[in-house]
Amino acid sequence: MPRRDPWAYIGLAAFFALLFFALFGERIAPHQAIFFVPEHDHDPRPYDPGLVFPLGSDVLGRDLFSLVLIGARTTLTVVLLGGLARVAAGLALAGISTWSRPLRAGTDWLADLVSAVPATLVALIAVKVLVKGDTSVFMFIGALLITGWAGPYRVIRAELDRLAHMPFMEGVRALGVSRSDILRRHHLPHLVPVLALNTSQQVVASLVLVAELGVLGAFIGSVRGINIEESLNTFILGQLNSAQIADPPEWGGLLASTNARAISTLWTTRWLFLVPGVAFALTAVAVAAIGFAVARRYARRNVLEELRTRGAGALALTVAAIFIVSALVPDRYAAARSWADDARRAVVATGDSERAFADAGLAPLGGSFALERDTTQVVEAAPATVTVGGVTETETPAVPRSLEPVVYSRTGGGVVEARVVFVSRGLSPADYPPQQTSVFAGPDLGTLIKDLPDDYEGIDVRGKIVVLVRLAGVAAGSRTVSGPAVDTLIENALKRGAAAILFVDPILSRYADVATSISIPVNPYRRLEASDPVSDPNGTPVVVVTPAIADRLLAPAGLSTAPFATVLDAGSADARRSASRDLGITARVSVPLVRATAHVRTIAGETPGVPIDAGRVVVWAVRRSGGASAVDVLGALARTLTPRRVPFVFVDFDPAVDANTNARAVATALAGRRVALMLVIDGLDGARLSFDTPYGDLVPAIDTYAQKAGARYVVTRGTESITSWSWPGIAPFISTKTILIGATGGQGDLRADAAALVAYVAGRYALGAEELPR
Amino acid sequence: MNTTLARILRVPLTVAAIWVVLAIATPLAMARYAFYVPRPGITCTSLSFTPAGIVSTFTCRSLADIYHRSFEDLMVDATFRSVALLLGAGVLALVLGGLIGVTAALLRRRAFAGGGILGLTSLLSAIPAFFVAYFLQIAVIVLGASETGGRLLPVFGFGYDEHLVLPLVAISLPAIAHTAQLAATRIGDVLDADFITAANAKGLRTSWILAVHVLPHVRPVVLEGLGGGLRISVASLPIVEFLFKWGGIGQLSLEAVGVHDAAGFVFGAVVLGALFAVLGAIADISRPRALFRSA
């Protein structure tokens, strides 16, 4: 009995191991790539091995071992295709180069040129140029091909040269065999060992290049910008809360997202490199073993004959069987797909959500499904505008804001057309008498400005539009005192008889509507409006603008407010004289307010029989007139989910007049119930669903849900900034994890997609998916 | 024309061609992607106070901006640093590769020892320098280095002292392995030749046989192995220098990609290309055209 080559077994074992991890890596991973652990007691991220996960976590708190298993498929596919592409290109060019001498000289010279520059340099530039946000992996394979075809070309060309001088070639040529037949029938069988070894070398080279590029911050496919700061309860100084992650996960991306370029990580978080690094190294060894085994086996055998043997058939059948099994084995939470399909089919026009909830067997949140109230409020009838000459600036609701009205009890609405006077920073020593608070304290604002000129002196502001720049602070030597509160400055102008105020605030565009971070100031005008609301639509209109807007408006008067938008140096020459003056122009300030009365009727129901302490998912459908109605989605969800007893709350939300006040009524009705997650559906007219959330750990999850539910959607590439995060009724739920589901792009009805998506989430929730908040 | 002369003349032609191609292609390529910070620790940031708050802008637009040195000074210094690494790798490859090759050849009849040495060199040549560099750094840290220097060896930074050790090991391993394998094969062939059998039969000492009868046949092969091995070292120079913060021409070339310094990138790539071409020429010229038996 002939002795079996042990390398054949080693090669086969390596081949099946790689095939197994590529096809089943995601299924055998302990956790999914969408599972984040943003916090674990007070341990800093990335978590040390053994703390949360056996081999540690990445910077965002995901299991590194699972990510390596999940990333195996993409990585192995790319390096395999990259290696094969290099060898195929080398083989093709080597074959072509045999046709003529000049062709050979040309390809030789090109190969010299390509191989002379280190592949890492060329590949880095190629990847930066070719691989953009949404490019496919094929662009990355292209970059691998550009840098690596010359090696296989040289080896194959040398082998073809050797074969061309073999004695059997004389016979072949004498028989008049064609070039293609020579290559296919006489050269290819001899080339198998070289090709096998070369393919394995090129796959390993591609693997190394993927790793090197990962360390340099370039990786396969697309990226997502994930920021998990909003999901944290405790802020740990120096901890990284945001990162660019690869989509889909792959090993080069793991190296890139671990900030492996920072040398300090070798001391602090070296497992971030070691875990994917060991995967790279083991794969390189396995691929090399396969290549070596194939090369040995076919060094003295004809591969074409071997393909007809029983062994080759058995191997092919085994591989095919593995592929079939991988296709048949259901993925995790596969049952949730049937939930999605049921909800998709259940979408029909639902005129009355209250009746739909009752018919579905939902329980009302309070005494009845309807949460009703009559509300009267002073609201803006139209956006505020300021017009000077031919220039009109209009209020924009989007953040960052550049113009907004200030509407509270001391101001109001209306239209004023009058002359414009500039009162600089509106500084009047009389308004700020010096105060000695302590013998140890430094001088206060009144003390610092007591000798400065009065900006209101010698200028009559009565019945005029006052332009006033917010005083950031006053500096005297090394001491700086903050300027007065904005309402103080505004009211000082009002008490002097201003008909309207154009208030220039240098940091207007930086304000957040809600407190999020100590580095981002909260909008003081919104705070005034909330704490001291206006009751009369008529009053003195006040509009706050950025310096850029003010300068555009006041250009005809030759005034630039930028020099005033800084801290005032009390000792400077500028501070010694007031810049107040009549600008000699007229302007029109319009803040249209009306008193609005409406009957608000929000319908809310929940799955009956859910324990009070169970975490609930609230589906918040914003009622809009016309178009695809989110109420139809609620109806479908209520009918399909209620019998399944998932802890869901359904809200057909009426955003009329004042959405936040209306939402507070729902929050009151929810009292005692713990809301784990909110899914806000607002607008379903479009070609694809779009998602928005400031909770970065939910970003990959919602895309995965949409894909598994078969919904049309656009991939979410980033995390929404909390400062620009808004949806109708946000105020009472600002600290609740929420995903805003909307529509984008073109025409279409996305009700069925939205219903399928939410039902899929419900299915996963019921099946115990670990990534969903509970 | 003489083949050797033709091979030598191909070197400047190749270098000139690289320069022309890169000088045209690099600025075009760099215009198609955005600037990025090439590595952590680069402080090229300007803070501007705008109405929207403090805005941080990455301002480095060249390697000279990053290092605050003139382009010429930077490039000359970086080239010396890289060449120093390669020279060190060459010496190590000649000495260690040669010794390992001789040992493996002398032990060729002992399957376990001879096979073990060749297996080890095969493994060393298969492990990419990138992994060797990282694993060496981690090993040294685990064995007791500190971030400020280290009780054992410094794990990053430039210096013609102990700083050389780790990058040199990482960069020279493939060259050592390649040289050793070629030397072992060639010496084995020579040791099996009839005239060596005759020399042994005459009772000559092994050291004499090696020095007088074997090494003259082996010298070109060792040079060929050295040239081939150092080509692998040049290919891994950028990433190894980058990982060790060596500040050589390879590291600067990688950083030039981030700051769109086309001149810096082209210079670095041309220097590396020139080294590559010269080493390739050495390997080709040293390659024996015929076996000694038929010579």
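Refer to the structure printed above.
Let me sum up the structure you'll find in this document.

Residue and element names in this part refer to chain A. Its place among the elements puts Leu698 in the loop between strand S20 (688-692) and helix H22 (699-708). Taking relative accessible area as the criterion, Leu698 reaches 4% and is therefore assigned buried. Sequence-wise, Leu698 and Glu771 are 73 residues apart; in three dimensions their C-alpha atoms are separated by 8.4 Å. For Leu698, the residues in contact, after removing those within four places along its chain, are Leu677, Thr693, Lys737, Thr738, Ile739 and Pro773.

Residues and elements named next belong to chain A. Strand S18 (residues 648-653) sits mainly inside the fold: 6 of its 6 residues count as buried. Because side chains alternate across S18, one face comprises the buried residues Phe648, Phe650 and Asp652, and the other comprises Val649, Val651 and Phe653, equally buried. Here strand S17 (residues 615-622) pairs with S18 via 6 bridges, running parallel. Its bridge partner lying in S18, Ala621 is registered against Asp652. Following the backbone out of S17, through helix H20 (residues 630-641) and into the adjacent parallel S18, one traces a crossover that is right-handed.

Take the sheet that holds strand S15 (residues 581-591) of chain A next. Residues and elements named next belong to chain A. Judged by pairing direction, the sheet is mixed, and its 8 strands sit side by side in the order S6-S5-S15-S8-S9-S12-S13-S7 without closing on themselves. Since the sheet does not close on itself, it has two edges, and those belong to strand S6 (391-394) and strand S7 (403-405), each with one partner. Neighbouring strand axes in the sheet, compared pairwise and without regard to direction, differ in orientation by 25 degrees on average. Two elements, strand S9 (residues 465-469) and strand S12 (residues 500-504), share 5 bridges in a ladder whose sense is parallel. Across the sheet, Val466 pairs through a bridge with Ile501, a residue of S12.

Turning next to the nonpolar core. One finds A:Phe140, B:Phe130 and B:Phe265 to be the most contacted residues of the largest nonpolar core, which totals 130 residues. Among all residues touching B:Phe265, those that are not within four sequence positions of it are A:Leu121, A:Ile125, B:Leu22, B:Thr26, B:Met30, B:Ser253, B:Ala256 and B:Val257.

Once that is clear, we can look at the pairing of S9(A). Taken residue by residue, a regular strand's side chains alternate between the two faces of the sheet. Residues and elements named next belong to chain A. Here S9 lies mainly inside the structure; 5 of its 5 residues are buried. Because side chains alternate across S9, one face comprises the buried residues Ile465, Val467 and Val469, and the other comprises Val466 and Leu468, equally buried. Pairing of strand S8 (residues 414-422) with S9, which is carried by 3 bridges, proceeds in the parallel orientation. Counterpart to Val420 in the pairing with S9 is Ile465.

It is worth spelling out unusual backbone geometry at this point. Peptide bonds are mostly trans, and most non-glycine residues show a negative phi. For the bond from A:Arg45 to A:Pro46, the omega torsion is -10 degrees, close enough to zero to count as cis. For A:Arg645, which is not glycine, the phi dihedral falls at a positive 60 degrees. Tracing the backbone through its elements, the reader meets A:Arg645 in the loop between H20 and S18. Positioned with a positive phi, B:His260 is a non-glycine residue whose angle comes to about 60 degrees.

This part takes up the packing of aromatic side chains. Here the structure, examined in full by the defined rule, presents 29 aromatic pairs over all chains. Through a chain of ring-to-ring contacts, the aromatic side chains of A:Trp251, A:Phe273, A:Phe280, B:Phe130, B:Phe131, B:Tyr134 and B:Phe135 assemble into a single cluster. The ring of A:Trp339 is capped by A:Arg644, whose NZ or CZ atom sits 4.5 Å from the centre of that ring. For the cation-ring pair, B:Arg81 lies above B:Phe158, with the distance from its terminal atom to the ring centre recorded as 3.6 Å.

On to the sheet that holds strand S11 (residues 479-482) of chain A, then. For sheets, the rule is that strands pair by backbone hydrogen bonds, running either parallel or antiparallel. Residues and elements named next belong to chain A. Pairing within the open sheet is mixed, and its 3 strands lie in the order S11-S10-S14. Of all the strands in the sheet, the pair left with one neighbour each is S11 and strand S14 (568-569). Two strands pair when backbone bridges link them, and strand S10 (residues 473-476) and S14 are joined in this way by 2 bridges, in the parallel orientation. What sits directly across from Ala475, in S14, is Asp569.

This part covers the pattern of salt bridges. What the rule picks out here adds up to 41 salt bridges over all chains. One continuous salt-bridge network, built from bridges that share partners, spans A:Arg104, A:Asp108, A:Arg157 and A:Asp161.

What follows is about the packing of helix H1 (residues 6-28) of chain A against helix H13 (residues 310-328) of chain A. Residues and elements named next belong to chain A. Where H1 meets H13, the closest approach of the two axes is 10 Å, and the angle between their N-to-C directions is 15 degrees. With respect to H13, the axis of H1 lies roughly parallel. Here the hand of the crossing between H1 and H13 comes out right-handed. Of the residues in H13, those in contact with Leu12, Phe15, Phe16, Leu19, Leu23, Phe24 and Arg27 of H1 are Leu315, Thr318, Val319, Ile322, Phe323, Val325 and Ser326. Split by residue class, the contact of H1 with H13 holds 11 nonpolar, 2 polar and 1 charged.

Contact residues are listed per partner, giving 39 residues for chain A and 50 residues for chain B. With both chains or domains summed, chain A and chain B bury close to 3,900 Å², and 77% of this area falls on carbon and sulfur atoms. When the buried area of chain A at its contact with chain B is split by residue, A:Leu121, A:Ile263 and A:Trp267 rank highest and sum to 17% of it. At the junction of chain A and chain B, the tally comes to 1 salt bridge. Among the ionic pairs, B:Arg10 bridges to A:Asp112, the shortest N-O distance being 2.4 Å.

This brings us to the packing of helix H15 (residues 353-360) of chain A against H20(A). Residue and element names in this part refer to chain A. Contact geometry of H15 with H20 gives a least axis separation of 8 Å together with a crossing angle of 10 degrees. Considered as vectors, H15 and H20 are oriented roughly parallel to each other. Of H20, the residues touching H15 (which contributes Ser353, Ala356, Phe357 and Ala360) are Val631, Leu634, Gly635, Ala638 and Arg639. Here the residues of the contact of H15 with H20 sort into 6 nonpolar, 2 polar and 1 charged.

Below, the discussion takes up the environment of A:Ala256. Residues and elements named next belong to chain A. Here Ala256 is to be found in helix H9 (residues 251-257). Ala256 gets classed as buried once you look at its relative accessible area, which sits at 16%. Along the primary structure Ala256 and Leu272 are separated by 16 residues, whereas in three dimensions their C-alpha atoms are 9.9 Å apart. Setting aside its immediate chain neighbours within four residues, Ala256 contacts Gly214, Gly217 and Phe219.

Rules used throughout
- Residues numbered from 1 in each chain as written.
- Chains lettered and ligands numbered in written order.
- Predicted model: local features only at pLDDT ≥ 70, side-chain atom pairs only at ≥ 80, totals over all residues.
- Heavy atoms only, no water.
- Helix = DSSP H or I, 4+ residues; strand = E, 2+ residues; numbered from the N terminus.
- Buried < 20%, exposed > 50% of the residue type's maximum accessible area, 1.4 Å probe, protein only.
- Contact = heavy atoms within 4.5 Å.
- Pairing = 2+ DSSP bridges.
- Right-handed = clockwise from strand over helix to strand, strands pointing away.
- Axes fitted to C-alpha atoms, helices over the stretch in contact; angles between N-to-C directions.
- Core = buried A, V, L, I, M, F, W, Y, C linked by side-chain atoms within 4.5 Å.
- Phe/Tyr/Trp six-rings, centres within 6.5 Å; stacked < 30°, edge-to-face > 60°.
- Lys NZ or Arg CZ within 6 Å of the ring centre and 35° of its normal.
- Salt bridge = Lys/Arg side-chain N within 4 Å of Asp/Glu carboxyl O.
- Parallel < 35°, antiparallel > 145°, perpendicular 65-115°, else oblique.
- Left-handed = near helix turned anticlockwise from the far one by under 90°.
- Nonpolar A, V, L, I, M, F, W, Y, C, P; charged D, E, K, R; others polar.
- Buried area = accessible area lost by both parts, 1.4 Å probe.

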